[in-house]
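# Working through the structure, step by step
One-letter residues, chain by chain:
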Amino acid sequence: MQAGTATPTRTEVPVDGPAGSLLGFYNELLNFPGARAAVVLLFLAFGAVVSRYAIRLLGRPIARRFVRQSVAQTVLRGVHVGIILLFGFVGLGAAGIELGNIVLSVGVFSAVVGIILAPIVGSIINGLFVLADQPFEIGDMIELAEGTTGFVDDITLRYTKVFTMDNTFAVIPNSVIRDDLVKNYSAEDERTRLQVDVAVTYESDVETARRLIERAAADCEDVIEGGPDIRIGTARYPAKPTCYIDQFGDHGIHLRLRYWARRPYKLLTVRSKVQTEVWRLLNEEGVDVTIPYPHQHLVFDETSGVADVRVDASQEPSDRSGPADRN
């Protein structure tokens, strides 16, 4: 480079032609009240449409990638929200709104909003733990701590929706459902063990009673009547109905029947069928088995005082009078 020569400088060149005219017209439109908000809303609406088609396109690949349905649905919800937020940020830039101002304003009231959003954030964190720990899955039958029983209909980051047996929906925050005791009847093995307690008198034929009670359960179609032992952990339990002598009570011998239901969806119905069959077999003619009922005998001696008891069957109930009336 020769001495004395000046270095060329870069200057802004205005946009001429149709493009410049359209850009100037667009900038003038943004000055109208509500125009910037309309631009952002337009981009958000367009992002919602794009996200809908993206979910249709990615739905099957994501469902094949994740075995658990709840995780796949959570990923699809994340894709849906992410695309809408992306178009929202693009819309803010198109409307001439600087992100720095938005971040500054968010930092100002974040302390106030944080107190309000703390429970929601807690539910989201617990939702991540629910998805990671896998205590239940969509379609499983569960029982909550307060006794609510139903099927898991949906699992989100904030709540779990349970379709109860009473044909109602229970929406439970994940922070609550993670801390409570939850019984899962459908996890891996749907077979559920139930029990029925039956008492017979001491004069009854106990072995006959046990045999008939076991037969009553085996005759029900919803009960597993036999087969290999069922393994739970390291323990093994007989698959066929088994009646045990539980204890010797005040009014009779307490028997306990244990049996396995094939499916956990109608446990009360299965238990009712088994008890109905037990009652029928124990009351058949020629069966030397009697179901006791509580009764008491009152014995008086010289240390018990005097009990003056009269029963006059000749008097009508309306004519009977008490001691105060006779005086």
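Residues numbered from 1 in each chain as written. Predicted model: local features only at pLDDT ≥ 70, side-chain atom pairs only at ≥ 80, totals over all residues. Heavy atoms only, no water.

## Considering the packing of aromatic side chains
According to the stated counting rule, one finds two aromatic pairs in the structure shown. Taken together, a centroid distance of 5.0 Å and an interplanar angle of 65 degrees make the contact between Phe163 and Phe169 edge-to-face. Phe163 gets classed as partly exposed once you look at its relative accessible area, which sits at 30%. When the ring centre of Phe169 is taken as reference, the NZ or CZ atom of Lys161 above it lies at 5.2 Å. Sitting over the ring of Tyr237, Arg193 keeps its end group 4.7 Å from the ring centre. (Phe/Tyr/Trp six-rings, centres within 6.5 Å; stacked < 30°, edge-to-face > 60°. Buried < 20%, exposed > 50% of the residue type's maximum accessible area, 1.4 Å probe, protein only. Lys NZ or Arg CZ within 6 Å of the ring centre and 35° of its normal.)

## A few points about the sheet that holds strand β4 (residues 169-173)
Strands belonging to one sheet form pairs held by backbone hydrogen bonds; the direction of such a pair is parallel or antiparallel. Spatial strand order, β4-β3-β2-β1-β5: five strands in an open sheet with antiparallel pairing. The open sheet has two edge strands with one neighbour each: β4 and β5 (183-184). Strand direction decides the pairing type here: strand β1 (residues 141-143) and β5, joined by two bridges, are antiparallel. Residue Ile142 lies in a different strand from β5, and its bridge partner there is Asn184. (Pairing = 2+ DSSP bridges. Helix = DSSP H or I, 4+ residues; strand = E, 2+ residues; numbered from the N terminus.)

## Description of the pattern of salt bridges
Close approach of charged atoms allows side chains of opposite charge to pair. Under the criterion given, the structure shown has eight salt bridges. Across the pair Arg256 and Asp197 runs a salt bridge whose closest N-O atoms are separated by 2.8 Å. Residue Arg256 is located in strand β10 (residues 253-261), and its partner Asp197 is located in strand β6 (residues 192-200); the two are separated by 59 residues in the primary sequence. With a relative accessible area of 22%, Arg256 lands in the partly exposed category. Close ionic contact of Asp219 with Arg215 constitutes a salt bridge, the shortest N to O distance being 3.8 Å. Note on Arg215: relative accessible area 38%, which makes it partly exposed. One salt-bridge network, held together by shared partners, links Asp197, Asp246 and Arg256. (Salt bridge = Lys/Arg side-chain N within 4 Å of Asp/Glu carboxyl O.)

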